[in-house]
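Here is what each chain is made of, one letter per residue.
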Amino acid sequence: MRNFTITNLLVVFLMSFTNNISAQIVISTPSLGFNQACASDSFNTYYVTFNFSPESNLNASNQFIIELSDESGSFSNPTTVYTSAQGAVTASPATLGFSLPTTTSGENYKVRIKSTAPAATSTGSVSFAAYYKLQDEPFSINNLIGTAVYCSGSSYLLTIDNPGAESNNSPLQYPSLTFNWYKETGPTTSIFVASGETLIVSEPGTYFVETNYGSCTSESFSNRVTVSEASSGNTTSTISSSLGNPYCSTQGATTLSAINGNSYKWYKDGEEISGATEQMLVTNESGFYEVSIDLGDCTASASINLENTGFTSSIDVDETNMLEEGETLMVTVTTTANTPEFVWYLNGNVITSANSNVYEASATGNYKVVVTQTIGCNASTEHNFAIVEPFPDVGNIPNLISPNGDNINDTWVIPQAYVSGTNTEVIIMDAYGKVVLKTNNYQNNWPQDEINFKSVNPVYYYVITTPNNNTKKGSITVIK
């Protein structure tokens, strides 16, 4: 009885051992359906194909798993990137797809295949580059200013702009990303300079930065910045507007930005802006802006003529125009406005028949045309001009006027050869040599301001210079 029991146990053991051996499978090295994996939000599916044998040894509960190595190809701490449903894969060869984790970044990844019932593991695949492109669009550096300058013997700090916004999806929003800086060596060539979020530049040249996606191509690169060295004194730079120029004022304020410096002074239309001492200035007003930048051993200045219409427009006539009897003036407005609307005025009244960018004017008076952009930025701008009667054709330059308001000889009226439209320079000086009028567009309207009479009638002196340098000189006596 004892011998029978031992014999039976031995048979059961041998049968169990034989069944365990027969339940094994072998999985081949996976074959990649790609050369490199450059994933993004819009594309992140990659396929591998593998063989396993024998098919009959798969358990009904078996699952196939795809594991991803680290960036060096090691499977010491693999990441599972795909798991099939139980019993879903039963035929060899099999092709499975997987997606990359958003933290993927390297040149030497591998994948391998595992099964669960029975348990088996393939060898790793060939190495491949794999990156998940969290940010894949152009971004800005240096506040989108294309130039920068540093003092001789110093340096300039280039930085990636942050935080990101709708108009600037900064890659600094993604802490896992790294960056490579380059210097241009030709129109289509460049050399690697350094890695990091910033770059200290101490050598003139044109620089840019790219998000480091290795051998994967990407749209994640910056604008170019040309950095120069200032030997001494003052140098010039530029100012950028975050909403462009012209910008749409109905979208809110725009941010004016200067290059990096130690301190700043901002000006608008020639007047210093109180408290404006930072690198950036927020404004919703059009005007001529300037900034003085202290760079240490030298200074820089920059300016921008900021417009807030969201479009540009121009008119092709002078501010003042003269028409002879029977003549007309054809006026044309040119604009970049989107689906523009035109409203014309004469002496403040709407000209109901005028609604295009062209108007034929014949009457004297003050004209205005208002241009409105009807799609996009809801903004308007206006242009003004006047049509006046022709200047009287006097024969001589008078030396006496009487500005007493009787409409007779009230202003200094000179021959038509010297008035507006002839590009003749007219200068009038008082008895002390002080210039009281200087113009190349004389309107026969001096004096516009009341003259202060003392004990004697004041005497003024004129110099008239034509475009071909013919000169007329003389005096003007002003009487009551």
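From a predicted model like this one, the values you see are computed outputs, not experimental measurements.

## Comments concerning the environment of proline 246
Inference 1: Inspection of the secondary structure puts proline 246 in the loop between strand E21 (240–241) and strand E22 (254–257).
Inference 2: Distance from proline 246 to threonine 309, taken between C-alpha atoms, is 6.1 Å for residues 63 residues apart in sequence.
Inference 3: If we ignore the near neighbours within four places in the chain, the residues touching proline 246 are Glu307, Thr309, Gly310, Phe311 and Thr312.

## Description of the environment of glutamate 203
Inference 1: Mapped onto the fold, glutamate 203 is located in the loop between strand E17 (198–201) and strand E18 (205–211).
Inference 2: A relative accessible area of 45% places glutamate 203 in the partly exposed class.
Inference 3: Taking the C-alpha atoms as reference points, glutamate 203 and serine 228, separated by 25 residues in sequence, lie 7.7 Å from one another.
Inference 4: Those residues in contact with glutamate 203, other than ones at most four positions away along the chain, are Tyr150 and Lys183.
Inference 5: Among the polar contacts listed, one links the side chain of glutamate 203 to the side chain of lysine 183, at a separation of 2.3 Å.

## Focus: the side chain of glutamine 373
Inference 1: Its place among the elements puts glutamine 373 in strand E34 (residues 365–373).
Inference 2: At a separation of 3.0 Å, a polar atom in the side chain of glutamine 373 contacts the main-chain carbonyl oxygen of cysteine 377.
Inference 3: Aside from chain neighbours lying at most four places away, what touches glutamine 373 is Gly310, Phe311, Thr336, Ala337, Asn338, Asn378 and Ala379.

## A look at the sheet that holds strand E29 (residues 320–322)
Inference 1: In space, the 5 strands of this open sheet follow the order E29-E35-E34-E31-E32, with mixed pairing throughout. Two strands bound the open sheet, and with one partner strand each, they are E29 and strand E32 (349–350).
Inference 2: Bridge count between strand E31 (residues 340–346) and E32: 2 bridges; the pairing is antiparallel. Within E32, the residue paired with leucine 346 across the bridge is asparagine 349.

## Points about the sheet that holds strand E9 (residues 105–109)
Inference 1: On the basis of which strands lie adjacent, the open sheet formed by 3 strands has the order E3-E12-E9 and mixed pairing. Strand pairing shows two members of the sheet lacking a second neighbour, strand E3 (37–39) and E9, which therefore form its edges. Taking each pair of neighbouring strands and ignoring which way they run, the sheet shows an average axis angle of 15°.
Inference 2: With 3 bridges joining them, E3 and strand E12 (residues 128–132) adopt parallel strand pairing. Considered in E12, the bridge of alanine 39 is made with tyrosine 132.

## Re the state of the cysteines
Inference 1: For the structure shown, the criterion picks out 3 disulfides.
Inference 2: Linked covalently through their sulfurs, cysteine 38 and cysteine 216 form a disulfide whose S-S length is 2.0 Å. Around the S-S axis, the bridge from cysteine 38 to cysteine 216 shows a dihedral of about -85° and counts as left-handed. A residue pair is termed long-range when its members are at least 10 positions apart, and cysteine 38 in strand E3 and cysteine 216 in the loop between E18 and strand E19 (225–230) qualify at 178 residues.
Inference 3: Between cysteine 151 and cysteine 298 runs a disulfide, and the two sulfur atoms are separated by 2.2 Å.

## Topic: the packing of aromatic side chains
Inference 1: The full count for this structure, using the stated rule, is 16 aromatic pairs.
Inference 2: Both rings, one in phenylalanine 50 and one in phenylalanine 52, keep their centres 6.2 Å apart while their planes meet at 40°; by these two values the pair is tilted.
Inference 3: Judged by relative accessible area, which is 3%, phenylalanine 52 ranks as buried.
Inference 4: Taking 5.8 Å as the distance between ring centres and 55° as the angle between the ring planes, the aromatic pair formed by tryptophan 412 and tyrosine 442 counts as tilted. Residue tryptophan 412 is found in the loop between strand E36 (400–401) and strand E37 (425–429), and its partner tyrosine 442 is found in the loop between strand E38 (435–439) and strand E39 (459–465); the two are separated by 30 residues along the sequence. Tyrosine 442 shares its class with tryptophan 412; the two are buried.
Inference 5: Linked through ring pairs, Phe34, Phe43, Tyr46, Phe98 and Phe128 together constitute an aromatic cluster.
Inference 6: One cation-aromatic arrangement involves arginine 224 over phenylalanine 208; the distance from NZ or CZ to the ring centre is 3.6 Å.
Inference 7: Directly above the ring of tyrosine 345 sits lysine 368, whose terminal nitrogen or CZ lies 4.6 Å from the centroid.

## Here we look at the pairing of strand E10 (residues 111–116)
Inference 1: Bridge count for strand E6 (residues 64–68) against E10 is 5 bridges, and the pairing is antiparallel. Looking at E10, one finds that phenylalanine 64 is bridged to serine 115.
Inference 2: Where E10 meets strand E11 (residues 119–121), 3 bridges bridge the pair, whose relative direction is antiparallel. Residue pairing for E11: lysine 114 is matched across the bridge by threonine 121.
Inference 3: Once E10 ends, the chain turns through 2 residues before running back antiparallel as E11.

Criteria and thresholds
Residues numbered from 1 in each chain as written. Predicted model: local features only at pLDDT ≥ 70, side-chain atom pairs only at ≥ 80, totals over all residues. Heavy atoms only, no water. Helix = DSSP H or I, 4+ residues; strand = E, 2+ residues; numbered from the N terminus. Contact = heavy atoms within 4.5 Å. Buried < 20%, exposed > 50% of the residue type's maximum accessible area, 1.4 Å probe, protein only. Polar contact = N/O pair within 3.5 Å; in protein donor to acceptor, adjacent residues only side chain to side chain. Pairing = 2+ DSSP bridges. Axes fitted to C-alpha atoms, helices over the stretch in contact; angles between N-to-C directions. Disulfide = S-S within 2.5 Å. Phe/Tyr/Trp six-rings, centres within 6.5 Å; stacked < 30°, edge-to-face > 60°. Lys NZ or Arg CZ within 6 Å of the ring centre and 35° of its normal.

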